[in-house]
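# Notes for the structure review
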Amino acid sequence: MAYTEQEVLAGLAEIVAEETGLPTDTITAEKSFVDDLDIDSLSIMTIVTHAEDKFDVTIPDDAAKDFNLVGDAVNFIVGAQA
Amino acid sequence: MTSLKPSEGPAYSRIYSFGARRGENVVTNDDIAGPINSSDEWIRQRTGIITRRRGTAEESVIDLAVDAAAQAIERAGIDPQEIGAVLMSTVTYFRQTPSAAAIVADRVGANPAAAWDISAACAGYTYGIAQADALVRAGTAKYVLVVGAEKMSDFIDPTDRSISFLLGDGAGAAIVGPSETPGISKTIWGSDGSRAEAIGQTHSWDALRENPELGWPTLRQDGPSVFKWAGFKMANYAIEAIEAAGLTPDDIDVFAPHQANMRIIDQMIKQINLPESVVVGRDIADTGNTSAASIPLAIDRLLEEGQAKSGDLCLQIGFGAGLVYAAQVVVLP
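Predicted, not measured: the structure shown is a model, and the values here were computed from it.

## Structural notes on the overall build of chain B
Along chain B, the regular secondary structure elements total 10 helices and 14 strands. Expected size for 333 residues packed as a compact globule is a radius of gyration near 20 Å; at 19 Å, chain B falls within 12% of this value. In terms of principal-axis extent, the alpha carbons of chain B reach across some 65 × 45 × 40 Å. By the burial criterion, 57% of the 333 residues in chain B qualify as buried.

## Let's talk about the overall build of chain A
Broken down by element type, chain A carries four helices and zero strands. For chain A, the succession of helices and strands along the chain, N to C, is α-α-α-α. Against the 2.2 N^0.38 benchmark of 12 Å for 82 residues, chain A shows a C-alpha radius of gyration of 11 Å, consistent with a compact globule. If you line up chain A on its principal axes, its C-alpha atoms span 30 × 25 × 20 Å. Counting over 82 residues, chain A shows a buried share of 44%. Across chain A, contacts joining residues at least 24 apart in sequence account for 54% of those joining residues at least 6 apart. Only carbon and sulfur atoms are counted for the fraction: they give 49% of the accessible area of chain A, which is about 4300 Å².

## Looking at helix α4 (residues 70–80) of chain A
Helical periodicity: at 3.6 residues per turn, an α-helix aligns residues three or four positions apart in one direction. Those residues of α4 of chain A that fall on the buried side of the exposure criterion are V70, G71, A73, V74 and I77 of chain A. Projected down its long axis, α4 of chain A carries its buried residues within an arc of 155°, all on one side.

## A short note on the sheet that holds strand β14 (residues 324–331) of chain B
Residue and element names in this part refer to chain B. Taking strand neighbours across the sheet as the criterion, the five strands line up as β8-β14-β13-β11-β12 in an open arrangement whose pairing is mixed. If you trace the sheet from one side to the other, it starts and ends with β8 (188–191) and β12 (279–280), each paired once. The pairing of strand β13 (residues 313–320) with β14 spans eight bridges and is antiparallel. Note that in β14 the partner of G320 across the bridge is V324. The strands touched by helix α8 (residues 262–272) within the sheet are β11 (254–257), β12 and β13, with β11 carrying the most contacts at an inclination of about 130°. Packed onto the sheet, helix α10 (residues 294–304) meets β11, β12 and β13 and runs at close to 155° relative to β13.

## Concerning the nonpolar core
Inside soluble globular proteins, nonpolar side chains tend to come together where they are buried. Residues and elements named next belong to chain B. By size, the foremost hydrophobic cluster in this structure holds 75 residues, and its most contacted members are F255 and F319. Excluding residues that lie within four positions of it along the chain, F255 makes contacts with I265, M268, I269, I272, L274, V278, V279, V280, G281, L315 and I317. Ranked by size, the runner-up nonpolar core spans 31 residues in total, among them L135, V146, I295 and V330.

## Quick word on the domain arrangement of chain B
All names here are of chain B. On domain assignment, one finds that chain B holds domain 1 (12–179) and domain 2 (188–331). In this structure, domain 1 and domain 2 have C-alpha centres spaced 14 Å apart. Contact residues are listed per partner, giving 50 residues for domain 1 and 46 residues for domain 2. Roughly 3700 Å² of surface becomes buried between domain 1 and domain 2 when both sides are summed, with 60% attributable to carbon and sulfur atoms. Per-residue buried area on domain 1 facing domain 2 is highest for R22, C122 and F155; these three make up 18% of the total on that side. At the boundary of domain 1 and domain 2, one finds five salt bridges. Of the charged contacts in the structure, one is a salt bridge between R22 and D283, with a shortest N-O distance of 3.1 Å. Of all the secondary structure elements, the ones that give two or more residues to the side of domain 1 that touches domain 2 are β1 (12–22), α2 (40–47), β3 (51–54), α5 (124–138), β6 (143–151) and β7 (169–179).

## Considerations on the interface of chain A and chain B
If you look at the interface, chain A gives 13 residues, while chain B gives 14 residues. Buried area between chain A and chain B, summed over both chains or domains, comes out near 1100 Å², and the portion from carbon and sulfur atoms is 50%. The interface formed by chain A and chain B contains six salt bridges. The interface formed by chain A and chain B contains 10 residue pairs in polar contact (both at pLDDT 80 or more). Of all the elements in the fold, those that place two or more residues in the side of chain A that touches chain B are α2 (41–55) and α3 (61–65) of chain A. Ranked by residues supplied to the side of chain A that touches chain B, first place goes to α2 of chain A with nine residues. Here the side of chain A that touches chain B is composed, by residue class, of four nonpolar, five polar and four charged.

## Let's talk about the side chain of R22 of chain B
Residues and elements named next belong to chain B. Mapped onto the elements of the fold, R22 is located in strand β1. Here D283 takes part through its side chain, which lies 3.1 Å from a polar atom of the side chain of R22. Polar side-chain contacts of R22 include one of 3.0 Å to the side chain of T287. Excluding anything up to four places from it in sequence, R22 contacts R53, L64, D169, G170, D283, T287, L297 and R301.

## Quick word on the pattern of salt bridges
Residue and element names in this part refer to chain B. Inspection of the entire model under this criterion finds 25 salt bridges over all chains. We note a salt bridge from E24 to R21, for which the minimum N-O separation is 3.9 Å. Judged by its relative accessible area of 49%, E24 falls in the partly exposed class. You can call R21 buried: its relative accessible area is 15%.

What counts and how
- Residues numbered from 1 in each chain as written.
- Chains lettered and ligands numbered in written order.
- Predicted model: local features only at pLDDT ≥ 70, side-chain atom pairs only at ≥ 80, totals over all residues.
- Heavy atoms only, no water.
- Helix = DSSP H or I, 4+ residues; strand = E, 2+ residues; numbered from the N terminus.
- Rg over C-alpha atoms; globule rule 2.2 N^0.38 Å.
- Buried < 20%, exposed > 50% of the residue type's maximum accessible area, 1.4 Å probe, protein only.
- Contact = heavy atoms within 4.5 Å.
- Areas by Shrake-Rupley, 256 points an atom, 1.4 Å probe, with all protein chains shown as cover.
- Arc of directions from axis to C-beta.
- Pairing = 2+ DSSP bridges.
- Axes fitted to C-alpha atoms, helices over the stretch in contact; angles between N-to-C directions.
- Core = buried A, V, L, I, M, F, W, Y, C linked by side-chain atoms within 4.5 Å.
- Domains from an automatic or database assignment.
- Buried area = accessible area lost by both parts, 1.4 Å probe.
- Salt bridge = Lys/Arg side-chain N within 4 Å of Asp/Glu carboxyl O.
- Polar contact = N/O pair within 3.5 Å; in protein donor to acceptor, adjacent residues only side chain to side chain.
- Nonpolar A, V, L, I, M, F, W, Y, C, P; charged D, E, K, R; others polar.

Written out as structure tokens, the structure reads:
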């Protein structure tokens, strides 16, 4: 069963919160991983790996490196479920 | 019908001793931060490195290797003439041929031992232990000298933000020999050449010959990709190695991963689910990433500082350019 955009955002926010210690309600689609959430490229890869497991998708490294906003990752994961 | 007499060896092998040699110079983050527009704080947060050791202009990779090897031989209490094979893991020796290993063998008094170089980058030491274990148990060599030695500073670009600032120089050595009890578990190892470009030399020697303007090649890596591969996939192989040794993570006393980056080490600990009681090699903090030398340097330090002791079960895993990896559990000498 495919996850909805809202479910992916909620699940991703939990993963980001676990990695960073930030409250989940501060992790919204329009936030930038680097500029707003202060997450570096290594932590993004940790988040991506946990997201692959949680949503049962493959996120190529090159795609992950292009994630600027949290919403970019959500959109990729939603699309990758097909 | 006449049949060949096969080689015969002891049932088990073990590590008898370690030896260590670090580059003479201590290089701080402030010393190298300028050309990469960085800071001490950024390097510490990103890598866990506070200082790295680098060799002087007079110290060659062979000099480093010989010093570490001589210490390991002395500590093992063996006659170097009993060494049947010398395996030198390095990616920073300047000659395609002859091998560095043959020269090291001669300089430590092990001539005419069989000698060859291993090109397995940061997995070179654990590749060497796998081979040494097999050679001893096959009866092909009584003792094997395994050396991981690198002068990484000969291949750095001060303006490179991907890997150069991590790198240090040093050598670590181990003597492997016969044992009455199991001292080295089955090695879990492999490679993935489809990802050869993830870590390596900027350009090849023939490209340099064609176009001298390319300049001296240096090292580069795709840091985030390597972090993901090392922090997660390598943890799976480490778990396989623990299982192949008939153990569980709770049985491990010491964890000595390749000293690539403190954050990779921390991620691996989490993924393997090692208990907090496990002593962890964190030599990278002030030695830097010394590639093939990093694991024996880290273990030697833990033993010298009394954090690890003889008889401890040590999970060691090397991983790096190739991509290649090798993991095994060893009983510390």
